Amino acid sequence: MSMVIVWALSWWYGAGWKSVLLGLKERLALSYDYFSIGLLASTLFAPFRQISAGRVQGPIGIQIRAAVDKLISRIIGAIVRLILIFVGAVWLFVQSLIGVLVLVAWAFLPILPVIGFIVMLSGWVPTWR
Amino acid sequence: MEVKFDYKSPRAAKSRLGRHISGLNEWLLILVAVLLLVAGACLVLVAVPTGWLLMSLAAWPFMAVQWYRGELRDVPAEQSENQVDAVLESSVLARLPKQPSPVDIARAVMQSRHGLFFAVRFGITPNFLEQISSPEQSDATPVWQTAMVLRDKDSDELTAGMLVYALVKQFPEHDALLAHNHLELTDIKNGIDWQNHLAALVRTHSRKLRTGGIGRDWSFGYTPLLTRFGQNISQQLAGGGLLNVDLDSHTEALDQLIDTFSNDGRQNAVLVGTMGVGKTTIVHAFAERLLDASSKLPGNLKFRQVIMLDSASLISAAPGRGELEELIMRIFGEAYAAKNIILCLDDAQLFFEEGVGSVDLGNVLVPIIEAGRLRLILTMDEQRFLQIGQRNAPLVNALNRINIQPASKEDTIRVMQDQLLHTEFRRKVTYTYQSLSEAYRLSERYIHDLAMPGRALKLLESAASYSENGLVTMNSVQNAIEQTMGVKVANASEGDEREKLLNLEALIHERMINQTRAVGVVSDALRRARAGVRNQDRPIGTFLFLGPTGVGKTELAKALADVYFGGEDRIIRLDMNEYVRSEDVSRLIADGADDPASLTAQAMKQPFSVVLLDEIEKAHPSVLTTLLQMLDEGILRDVKNREVSFRDAIVIATSNAGANRIREYIERGYQLEQFEEKFVDELINSNEFRPEFLNRFDEIVVFRPLEKPELLQVVDLMIAGVNKTLALQKITVEVESGAKELLVEKGYDPRLGARPMRRVIQRVVENNVAKAILAGVAQAGSTITISASQVEEAMSKAEQVSAIEKESGYDSSDAAKR
């Protein structure tokens, strides 16, 4: 029996802990991909949906107008992208925080019954008044 | 190599522990954890501090479940060269006793999930494996040794499949035993690869795809027209990937595609290959690779979308003149402006030729393709590509050609192994390993309109309808091809058929008189074929029947088609006097769409039949040369260069060359056996047949002229034929024996054999019966008897008519011939 406990604990603080860490890493990578953070950052100032993109030939007036249109498309694109990058970043932060908490809790789980026993002995219970 | 098995090793103990927890116990642990949590929380809520202890105790069953799922369920293999317990698959390891014998190993293997794979897919059942395994503990060492050799690396797991292989190999008569299941030892090795590959597929597809996310296409344009007139296969794939194998031929084509589109040259590629070769699958695999964030690709290709244009919806949306060209230009403009689109024209010939459902857009497309800025993939049949190239050379020159070759047998089997997962799920069936090899073998032989692997997949899919208790076996595949093609591919096993084969001569003689040698050789050939002992790469039998007219050569072919092949319509008959010019070769091998009566078209439609080449001596030498391959290998290529199989046909050529010589020999008192060989030599010497042509036949059979007693039997057969016709009216005809002899006398012509007999019977018997019916003399249930005097009277009338006709210059026999 004692060997079983040793094997269980060595897995818990070894491969088990590592798998939780890898799981967190995979989830973060999926979220990073879902919010297209890298793609959006690298194309931050690209015309949004190619609207008003491309070369325009003609008199200077038309060219100036096309350049302004393109600039507006780029600005709109940058705003929309920044919003999504921000939402994604917040989500990644929350996910990382939860992940770190799980990793820390993982370390204390084997001794949780001991903690529970001590709390029981202390006789403390929450009061609802 | 010395191998050891340690029952007490930590890995073995963990495996056994994992086995104890699996199933119900895992759920029990979860239940305990939940109950402790709930009970503890309730106690804390009512201010009982013991609740804290209960709640915290839930951590231990929770940990046990995590440990089980993370390690114990499938204890990872360790690195070892000779320690079995360190590398053995844990589900097998958990079931082994302290000192296992081969029987114990077999039992443990067959209780594991991977062992069951071999039971279901290969028919190597637990009973089978236990029966061939030794109960002696000392015999376990060679089993371990054989299995350990199969591992690739030291760290690789020793799987249940490897143990199945080792256990079977240890059995001294394993070859014979496996043959019973239509298997060889290498097949079990292939099974191990198949199992590993399936496990890898499941691992890959259980991983979530990273496809760029919600902002992926924000830098690219909107594509409303493409959404309407095309299929975005990238989007379809994002929902769930392909179950595709990395075939060498496909990987090469994929790399070429990536290379083409990542360089600065013309951004187009045409995939050229026969239908069924996997062109569309390659486009799908290409789209999947572009969509995978983890794949190593140039930045300008990643997340590009492949959209397949639908020619039918394009044509229906723009029916007017010039409308389609305009629509296409708008679509192409949209694709170019969007900057992330790779257009695919599947079956691209539809865009380059006029016809039903197709339209020639060559003039519009060529400048765009030549400019090379729009990314475009075309798929095309090789023949069509060449045809279009003849008409539109600039188009072909502007395209980057990628040839797709048909898959080899190994590759086709691998494709089937992957694709059958879809079919199994959809049709709720399981395929055996043997069914895959059989699907390859039979589809190669009988399905001509597709290339591999498409043709084998087609057959495999249709075999699902013939599954037995949800299992698709070799028999299911054979049934599928037998039902769809009308051939017999399985060995004769049913009582009826066996009986028929054993009594084939008697059955044929029910409608054929004498010619026992000819009937015998044909019957033997069929028996060999249906017992599975013939050469599979030749026709069932090839025979040359020589003899005068009217001795039963053609009749034997007909009788065979009727008795065994399922009806006289099972005969493919060619009068070779219609093939007297060298140009007639093209008619012989014409495409079924142009000439359904060509030899190849008929054989393609009806491969299980009698091929009768009447009056072969009249055919042009070029025609005979063309037929050589059919006689030799059972294969003939049609004008489209498709292989048409004659390997399920009996080929009978008839000739009356040298008929006079045969008569001379018989008149001089020779028996057939005495002059047969000499006669064939004479035919060669007189240049009537070339020796290489005669050599191609399995048997050359000389038919002898019929004698009077035999002709009497022929009369009986013909009268029986008349009675068969009259059976509906319940009238019977009887001919007196004197009348029969008279019929023979009048109907026999030494030059024409028994052939005039039919005309005589028509004149005498049928005419008399017709008159009796019309006069009301013969009614249902009555019997009409034909006497010698009636024959005499009918024949004298006929002779008078004939004399008058001769006087007036009209010959009735000419009319009959006409």
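Just so it is clear, the model here is predicted, and its values are computed rather than measured.

Trainee: Tell me about the overall build of chain A, residues and numbers included.
Mentor: Secondary structure assignment for chain A yields four helices and zero strands. Taking 14 Å as the expected radius of gyration for a compact globule of 129 residues, we find that chain A reaches 27 Å, considerably beyond that expectation. Each of the three principal axes of chain A carries a C-alpha extent, and together these read 85 × 45 × 10 Å. Taking all 129 residues of chain A together, the buried fraction comes to 14%. Sequence separation of at least 24 residues holds for 76% of the intrachain contacts in chain A that already meet a minimum separation of 6.

Trainee: Describe the overall build of chain B, and please don't skip the residues or the numbers.
Mentor: What chain B contains, in helices and strands, is 41 helices and 17 strands. For 818 residues, the compact-globule estimate of 2.2 N^0.38 gives 28 Å, and the C-alpha radius of gyration of chain B, at 37 Å, exceeds that figure by more than 25%. Projecting the C-alpha coordinates of chain B onto the three principal axes gives extents of approximately 130 × 80 × 60 Å. In chain B, which comprises 818 residues, the proportion classed as buried is 42%. Residue pairs in contact within chain B that sit at least 24 positions apart in sequence constitute 74% of those at least 6 positions apart.

Trainee: With reference to specific residues and values, describe the confidence of the model for chain B.
Mentor: Residue and element names in this part refer to chain B. Predicted confidence across chain B gives a mean pLDDT of 86, with 94% of residues reaching 70 or more. Taken as a whole, residues 810-818 scores under 50 in pLDDT and shows six contacts with residues more than four places along the chain or in a different chain. Here the predicted complex carries an ipTM of 0.92, next to a pTM of 0.77.

Trainee: Provide a residue-level description of the sheet that holds strand 3 (residues 305-309) of chain B, including the pertinent values.
Mentor: Residues and elements named next belong to chain B. Spatial ordering of the open sheet is given by 1-3-4-5-2-6, a layout of six strands whose pairing is mixed. The sheet is open, and its two borders are formed by strand 1 (230-232) and strand 6 (401-403), each paired with just one other strand. Put simply, the sheet's adjacent strands are angled 25° from each other on average, direction ignored. The sheet contact formed by strand 3 and strand 4 (residues 341-345) spans four bridges and is parallel.

Trainee: Outline the sheet that holds strand 9 (residues 541-546) of chain B, supporting the account with residue identities and numerical values.
Mentor: All names here are of chain B. Spatially, the five strands line up as an open sheet ordered 10-11-14-9-15, and their pairing is parallel. Lying at the two open borders of the sheet, with one neighbouring strand each, are strand 10 (571-575) and strand 15 (699-702). Here the strands of the sheet are splayed against their neighbours by 20° on average, with no regard to which way each runs. Summarising the sheet, strand 10 and strand 11 (residues 610-614) pair through five bridges and their orientation is parallel. Bridged to I571 within strand 11 is V610.

Trainee: Before we move on, could you go through the interface of chain A and chain B and cite the residues and values that matter?
Mentor: By a widely used convention, the size of an interface equals the accessible area lost when the partners come together. The partner chain B presents 35 residues to the 37 residues of chain A that form the contact. Where the side of chain A that touches chain B is concerned, the elements lending two or more residues are helix 1 (2-34), helix 2 (37-42), helix 3 (60-108) and helix 4 (112-122) of chain A. The element best represented in the side of chain A that touches chain B is helix 1 of chain A, accounting for twelve residues. Looking at the side of chain A that touches chain B residue by residue, the class counts come to 25 nonpolar, nine polar and three charged.

Trainee: Please set out the pairing of strand 3 of chain B residue by residue, giving values where relevant.
Mentor: Residue and element names in this part refer to chain B. The element strand 3 is extensively covered by neighbouring structure, given that five of its five residues are classed as buried. Every second residue of strand 3 is oriented toward a common face, with Q305, I307 and L309 on one face and V306 and M308 on the other, all of them buried. In terms of strand pairing, strand 1 meets strand 3 through three bridges, oriented antiparallel. When the bridges of strand 3 are listed, G230 appears paired with L309.

Trainee: Could you give me a rundown of the nonpolar core, with the residues and numbers involved?
Mentor: Residue and element names in this part refer to chain B. Ranked by internal contacts, the top residues of the largest apolar core, which has 212 residues, are V164, L560 and V610. For this core, the leading source of residues is helix 11 (residues 160-170), giving eight residues. Once you skip the residues sitting within four places of it in the chain, V610 turns out to touch A557, L560, A561, F565, R570, I571, A649, I650 and I652. L17, L53, M55 and M63 belong to the second largest nonpolar core, which has 19 residues in total.

Trainee: Outline the pairing of strand 17 (residues 783-786) of chain B, supporting the account with residue identities and numerical values.
Mentor: All names here are of chain B. Because side chains alternate across strand 17, one face comprises the buried residues I784 and I786, and the other comprises T783 and T785, none of which is buried. Bridge analysis of strand 16 (residues 732-735) against strand 17 gives four bridges, and the strand direction is parallel. Directly across from E734, in strand 17, lies its bridge partner T785.

Trainee: I'd like a rundown of helix 2 (residues 24-45) of chain B, residues and numbers included.
Mentor: All names here are of chain B. For helix 2, built from 22 residues, the straight-helix expectation of 32 Å at 1.5 Å per residue is met to within 8% by its first-to-last C-alpha distance of 31 Å. Taken together, the buried positions of helix 2 are occupied by L36, G40 and V44. Viewed along the axis of helix 2, the buried residues span an arc of 50°, placing them on a single side of the element. The exposed set on the far side of helix 2, more than 90 degrees from its buried face, consists of L24, W27, L31 and L45. Where helix 2 terminates, the next one or two residues include A47, which has phi positive at roughly 70°.

Trainee: Please give an account of the packing of helix 24 (residues 433-446) of chain B against helix 26 (residues 474-485) of chain B that cites residues and values.
Mentor: Residue and element names in this part refer to chain B. For the pair helix 24 and helix 26, the least separation of the axes is 8 Å and the interaxial angle reads 25°. Classified by the angle between their axes, helix 24 and helix 26 sit roughly parallel to one another. Note that helix 24 runs across helix 26; the crossing there is right-handed. Taken together, the residues of helix 26 that come into contact with helix 24 (itself represented by Q434, S435, E438, A439, L442 and Y446) are M474, S476, V477, Q478, I481 and M485. When its residues are assigned to classes, the contact of helix 24 with helix 26 shows seven nonpolar, four polar and one charged.

Trainee: Quick one: what's the story with the environment of B:R663, residue by residue and with numbers?
Mentor: Residue and element names in this part refer to chain B. Its location among the elements puts R663 in helix 34 (residues 659-667). Given 16 C-beta atoms within 10 Å, R663 falls into the partly exposed group. Separated by 42 residues in the primary sequence, R663 and P705 place their C-alpha atoms 7.0 Å from one another.

Trainee: Kindly report on unusual backbone geometry, identifying the contributing residues and their values.
Mentor: Residue and element names in this part refer to chain B. Omega for the bond connecting M452 with P453 falls within 30 degrees of zero, at 10°, which places this linkage in the cis form. At K339, a residue that is not glycine, the phi angle is positive and equals roughly 75°. Relative to the elements of secondary structure, K339 occurs in the loop between helix 19 (323-338) and strand 4. Take K339: there are 17 C-beta atoms within 10 Å of it, and that puts it in the partly exposed class. We note that N641 has phi near 65°; this positive angle belongs to a residue other than glycine. By the secondary structure assignment, N641 is in the loop between strand 12 (635-637) and strand 13 (643-645).

Trainee: Talk me through the environment of B:F117; I want residue IDs and the actual numbers.
Mentor: Secondary-structure assignment places B:F117 in helix 8 (residues 113-122). Linking B:F117 and B:A285, residues 168 residues apart in sequence, is a C-alpha distance of 28 Å.

Trainee: A description of the packing of helix 25 (residues 454-463) of chain B against helix 26 of chain B should follow, citing residues and the corresponding values.
Mentor: All names here are of chain B. Interaxial distance between helix 25 and helix 26 falls to 8 Å at its minimum, and their mutual angle equals 100°. One way to sum up the angle between helix 25 and helix 26 is to call them roughly perpendicular. Each of L459, S462 and A463 in helix 25 lies in contact with helix 26, whose residues at this interface are S476, V477, A480, I481 and T484. When grouped by side-chain class, the residues that make up the contact of helix 25 with helix 26 number five nonpolar, three polar and no charged.

Trainee: Account for the environment of B:V65, with residues named and values stated.
Mentor: All names here are of chain B. By the element assignment, V65 lies in helix 4 (residues 59-70). Along the sequence, V65 and P453 sit 388 residues apart, while their C-alpha atoms lie 45 Å from each other. Ignoring sequence-local partners within four residues, the contact set of V65 consists of E26, L29 and I30.

Trainee: Tell me what's going on with helix 10 (residues 140-149) of chain B, and back it up with residues and numbers.
Mentor: Note on helix geometry: an α-helix contains 3.6 residues per turn, so any two residues three or four positions apart are oriented the same way. All names here are of chain B. Those residues of helix 10 that sit buried are A140, V143, W144, A147 and M148. Along the axis of helix 10, the buried positions cluster into a sector of 125°, meaning they face one direction only. Packing partners of the buried residues in helix 10 comprise helix 5 (84-87), helix 7 (102-111) and helix 11.

Rules used in this analysis
- Residues numbered from 1 in each chain as written.
- Chains lettered and ligands numbered in written order.
- Predicted model: local features only at pLDDT ≥ 70, side-chain atom pairs only at ≥ 80, totals over all residues.
- Helix = DSSP H or I, 4+ residues; strand = E, 2+ residues; numbered from the N terminus.
- Rg over C-alpha atoms; globule rule 2.2 N^0.38 Å.
- Buried ≥ 20, exposed ≤ 12 C-beta atoms within 10 Å, placed from the backbone.
- Contact = placed C-beta atoms within 7 Å.
- pLDDT = per-residue confidence, 0-100.
- Pairing = 2+ DSSP bridges.
- Axes fitted to C-alpha atoms, helices over the stretch in contact; angles between N-to-C directions.
- Nonpolar A, V, L, I, M, F, W, Y, C, P; charged D, E, K, R; others polar.
- Core = buried A, V, L, I, M, F, W, Y, C linked by C-beta atoms within 7 Å.
- Expected span 1.5 Å × (residues − 1).
- Arc of directions from axis to C-beta.
- Parallel < 35°, antiparallel > 145°, perpendicular 65-115°, else oblique.
- Left-handed = near helix turned anticlockwise from the far one by under 90°.

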